[in-house]
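One letter stands for each residue in the lines below.
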Amino acid sequence: MVGPAPAGLAAVPGPRSDLAVTAITPASGDVVGVAAPVEVTFAEPVTNLARAEQSIHIASDKTPTGQFTWLSNQVVQWVPDQFWPAHSPISVTAGGFSTSFETGSAVVGVADIDAHTFTVSIDDQVIRQMPASMGKSKFPTPVGKFTALEKQQVVVMDSRTIGIPLSDPEGYKLTVNDAVRVTWGGVYVHGAPWSVGSQGNSNVSHGCINLSPDNADWYYNTVRIGDPIIVQA
């Protein structure tokens, strides 16, 4: 279910036992990216989704509007329509549970499929434009607005997980470094030394955003979980 976000500065009601909350992420003390969603886990399955959404209160210097999506009957995610303000404290309360975290710099990565570039701006200033290679025509990189979901120093990528046997001409099993996850379906920004010759001029990957080892290392050490990644044609 998707619905409008509640007012960010509304008064917090007293806790209700049927809407008790066991966890809110980001956790207290976390520093996250400016597109980070808020996830609330209720202690019991929720029957009145609208009332549960209304029990969640979000406050920041400038709270954006947002949308709720229920990931299960106990877990709801609120995704901001626009970016959070950078360098800003954010508090969330729900069901007697509260957390307070903050955003870091606004690190925005833009992958341009046609231009074969990955450009990173920090607090509205372009810092680095990198040659990149995105998905080939049979395996296009999805276009849209995403967030950095997780960071993994080393990932083994196996084509069998997306239904391609290793014996297939398109099959692969590769160990990649400096991997920043873009989608749970397997799209990453990562280092790809084997495609450096194509980066900046052609798209040869199976959907991932390929960077040189040096550029991937820089981005991996610059981006935070929750920072936006925009893919455009």
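Located above this text is the structure these notes cover.
Counting restarts for each chain, with residues numbered from 1 along the sequence as it is written. Given that the model is predicted, a residue must reach a pLDDT of at least 70 before its local features are reported, and side-chain atom pairs must reach 80 or more before they are shown or counted; all residues, however, enter totals for whole chains, interfaces and linings. Side-chain figures throughout are based on the complete set of non-hydrogen atoms in the structure, without hydrogens or water.

(A) Highlighting the sheet that holds strand β15 (residues 188-191). Two strands make a pair as long as DSSP finds a minimum of two bridges between them. Secondary structure elements are defined from DSSP: runs of H or I of at least 4 residues count as helices, runs of E of at least 2 residues count as strands, and each element is numbered from the N terminus. If you walk across this open sheet you meet the four strands as β13-β14-β15-β16, and the pairing is mixed. Both outer strands of the open sheet, β13 (150-158) and β16 (209-211), are each paired with one neighbouring strand and no more. Strand after strand, the sheet turns through a mean of 35 degrees between neighbouring axes, direction not considered. As paired elements, β13 and strand β14 (residues 173-181) share eight bridges and run antiparallel to each other. Paired with valine 156 across the two strands is threonine 175, which belongs to β14. Here an axis means a line fitted to C-alpha atoms, over the contact stretch when the element is a helix, while the angle between two N-to-C directions is reported on a 0 to 180 degree scale.

(B) Representation of the side chain of aspartate 227 within the structure. Within the element layout of this structure, aspartate 227 appears in the loop between α2 (213-222) and β17 (228-232). Only protein chains enter the accessibility calculation, which uses a 1.4 Å probe; a residue is then buried when its area is under 20% of its type maximum, exposed when over 50%, and partly exposed in between. When charges are counted, Lys and Arg are positive and Asp and Glu negative, with His and the chain ends excluded. A side-chain nitrogen of Lys or Arg and a carboxyl oxygen of Asp or Glu constitute a salt bridge if their distance falls within 4 Å. At 5.6 Å, arginine 224 is the nearest oppositely charged side chain to aspartate 227, a buried residue that forms no salt bridge. The term polar contact refers here to a pair of N or O atoms within 3.5 Å; inside protein, the definition further demands a hydrogen-donor-capable atom paired with an acceptor-capable atom, and it admits residues adjacent in sequence only when both atoms are side-chain atoms. Within the structure, aspartate 227 has its side chain in polar contact with the backbone nitrogen of arginine 224 (distance 2.8 Å). In what follows, a contact means two residues having at least one pair of non-hydrogen atoms within 4.5 Å. Ignoring sequence-local partners within four residues, the contact set of aspartate 227 consists of Gly33, Val34, Ala35, Ser105, Val107, Phe146, Thr147 and Ala148.

(C) Structural context of the nonpolar core. Nonpolar cores were defined as sets of buried Ala, Val, Leu, Ile, Met, Phe, Trp, Tyr and Cys residues, with membership established by side-chain atoms within 4.5 Å. Of all hydrophobic cores here, the largest spans 23 residues; its most connected members are Phe118, Val180, Val189, Ile209 and Tyr219. Contributions of two or more residues to this core are made by β9 (107-112), β10 (117-122), β16, α2 and β17. Examining the composition of this core, we find that four residues originate from one element, α2, more than from any other. Ignoring any residue separated from it by four or fewer positions in sequence, one finds tyrosine 219 in contact with Phe118, Val120, Val180, Val189 and Ile229.

(D) Just the sheet that holds β9, in detail. Spatial strand order, β11-β10-β9-β17-β12: five strands in an open sheet with mixed pairing. Each edge of the open sheet carries a strand with a single partner, namely β11 (125-131) and β12 (144-147). Recorded for the sheet is a direction-independent mean angle of 20 degrees between the axes of neighbouring strands. Pairing analysis gives four bridges linking β9 to β17, with the strands arranged parallel. Residue pairing for β17: valine 110 is matched across the bridge by isoleucine 230. Against the sheet, α2 makes contact with β9, β10, β11 and β17, and its axis sits at roughly 145 degrees relative to β11, the strand it touches most.

(E) Looking closely at the pattern of salt bridges. Tallied over the full model, the rule gives four salt bridges. A salt bridge links glutamate 170 to lysine 138; its shortest N-O distance comes to 3.9 Å. Remark: lysine 138 occurs in the loop between β11 and β12 and glutamate 170 occurs in the loop between β13 and β14; sequence separation between them is 32 residues. For lysine 138, a relative accessible area of 58% gives the class exposed. In this structure, arginine 160 and aspartate 158 form a salt bridge, with 2.5 Å as the shortest nitrogen-oxygen distance. In this structure, a network of salt bridges that share partners links the residues Lys136, Lys138 and Glu170.

(F) Representation of the pairing of strand β5 (residues 66-70) in the model. Side chains Gly66, Phe68 and Trp70 of β5 all project onto a buried face; the interleaved residues Gln67 and Thr69 project onto a face where none is buried. Across five bridges, β5 lies against strand β6 (residues 75-80) in antiparallel orientation. Opposite threonine 69, over in β6, you have glutamine 77 as the bridge partner. What sits between β5 and β6 in their antiparallel hairpin is a turn of four residues.

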